[in-house]
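These are the residues of each chain, in order.
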Amino acid sequence: MAKSMSASNIFGKFAILSIVLGFYFTFLVEGFTGFRGTRNLLLLLGTLLFLAKVLTGGRLIIQKDYLIYSLLSLPILIFSLPLWHSLSEVNVYVSLITSIIVISSDYAYFKKALITLSYLLLILAAYEYFTKTYIFVVQRETQSGIISLDPKLFGGFVGIFRAKGLFEGPLALAQYAIGLAFLFKSNLRMVLVACALAFFANGRLGMIVCFLVLGIYFLEKYGVLNLIKSKKGLKIFVGAVLGLILAGSFFIDEKALKRLQSVANIQDSGNSARLIYWKKGLDMFAEYDFWNQLLGNSGFYRYKVGNSAENGWLMLLLDNGIIGFMYYFTPLLLITYLSVQKKTYHFAYMFLLFLCMMIQTFHLGASANLLYWIIIYSFYLQLKGKQRYEVG
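Below is a short write-up of the structure. No experiment lies behind these values; they were computed from the predicted model shown.

### A few points about the environment of tyrosine 288
Within the secondary structure layout, tyrosine 288 lies in the loop between helix H13 (269-287) and helix H14 (290-295). Relative accessible area serves as the criterion here: at 9%, tyrosine 288 is assigned to the buried category. For the pair tyrosine 288 and leucine 318, spaced 30 residues apart in sequence, the C-alpha to C-alpha distance is 8.8 Å. With residues near it in sequence (within four places) discarded, tyrosine 288 still touches Gln293, Asn297, Phe300, Leu317 and Leu318.

Listed below in C-alpha cells is the structure:
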C-alpha cells in the first residue's frame, strides 16, 4: 500500500509539472521551433498522469464546495456548445477542470512550482528589459497578414520597451504578475517579485494593482495604527516605498511614465478605443436572442469586430451569456460577503480583481484563467477554514 501511495504522489507531482510546463513554456517552444501543439500535448499528459494518480490509490484533497461548483462548468459547457460561433474561448470552462487537477493532486506543490517559475520569469524579464531584446519571438496571422510579436509591436514604435519573459507578449506577463500578487498576498517577497514583473512588462494596470496589493499587505499585517507604532513594520514599509521610488526614478524613462499617467485619461487613444469596443459589445449583446443572451455566443464578437471588447465582464456576457457571467461573478460576491462577515481584507482583493476584469480580459488567457480560479479557491479556503474533501 505504501508503494502504491508513493507512486500516486509521484504521478500527482508530475501531472502538475506537465501542466505548468504546458501553460508557461509553450511559447518558448513555438518561438524556437514553430511548433504550436506543446500546450495541448503537455495538458493531455498531465491529465493522464492525474488519472494514473487516481488509479494507483492516491487521495484527492480539495474543498468540496469548490469541487461541486467547478464540475458545474461541464453541463453549462455542453448546453452552450450548439449556440457558439467557435470554440476559441472554451478555456473559460475547461480551465476549471485543470484547476481541480492541480489542486487535488498536490496544491502545496503547485504553489511551490509557481514560486520557482516566478523567479525564472523575473530573471528572464530583467534580462530582456536591460538588453532591450526578446529571448524569442512568435508570429501570428492577422487580417493584414503575418506579424511578428516583437518589441516594436508592443511599444517600440513609441520608444518603450516591454519585457514578456516566457509569454507571448507583455500583457500576459503583467496579468501573471497580478495573479501572483493575489495568490501570494501574504508573502512579501513574492508580492515584490510580482511588482518587479509588472514593472518590467510596463503593464499599467499590473503596476497599479501589484503596488496596491503591496499596500494592502502592510495594512493587513500591521494595521494602520499598528504600522505606525511598529518600528519593524514602519522600517519595512518606508524601505519598500523608498526602494520603489529609487528604482522607478532610475529605470522608468519619461515615455514610460507618461504611459502610466495616461491610464485614467479618457482622451488617450487606447482608452477611447476601449470605450468604443464596450459600446459595440453592449449593442451586440442587446441584439442576441434569448438563448444567446442566456448562454452566450463564444467567438462571435471577436469574429465581427476583430478584437475583444477590452472588458472581461462584457466578454463573459458576449461569449458565455448571463449564466457564464454569473458563474464567474458569484464567487467574488461570496468571498466579499465572507470577508466582511469575518472582518478580513479579502474584500479589497475582490474589488481589485473586479476592476482587473473591467479593464482587461483577465479570464481569456488560458494561464490567467487558471490563476483566476486558483485565487478564488485560495481565498475561499482561507475564509472557510481548512475543511477539505478527500477522495480515495
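Anyway, onward from the coordinates.
### Concerning unusual backbone geometry
A positive phi angle, near 60°, is found at lysine 132, a position not held by glycine. Among the secondary structure elements, lysine 132 is positioned in the loop between helix H6 (91-131) and strand S2 (139-142).

### Considerations on the pattern of salt bridges
Counted by the stated rule, this structure contains four salt bridges. Glutamate 30 is the partner of arginine 36 in a salt bridge, and the nearest nitrogen-oxygen pair spans 3.3 Å. Overall, the relative accessible area of 52% leaves arginine 36 in the exposed class. Ionic pairing is found between glutamate 89 and arginine 302, a salt bridge with its closest N-O pair at 3.7 Å. Residue glutamate 89 is found in the loop between helix H5 (73-80) and H6, and its partner arginine 302 is found in helix H15 (residues 300-305); the two are separated by 213 residues along the sequence. The class for glutamate 89 is buried, based on a relative accessible area of 8%. A relative accessible area of 36% means that arginine 302 is categorised as partly exposed.

### Quick look at the side chain of threonine 26
By the secondary structure assignment, threonine 26 is in helix H2 (residues 26-33). The class of threonine 26 is buried, set by a relative accessible area of 4%.

Conventions adopted
Residues numbered from 1 in each chain as written. Predicted model: local features only at pLDDT ≥ 70, side-chain atom pairs only at ≥ 80, totals over all residues. Heavy atoms only, no water. Helix = DSSP H or I, 4+ residues; strand = E, 2+ residues; numbered from the N terminus. Buried < 20%, exposed > 50% of the residue type's maximum accessible area, 1.4 Å probe, protein only. Contact = heavy atoms within 4.5 Å. Salt bridge = Lys/Arg side-chain N within 4 Å of Asp/Glu carboxyl O.

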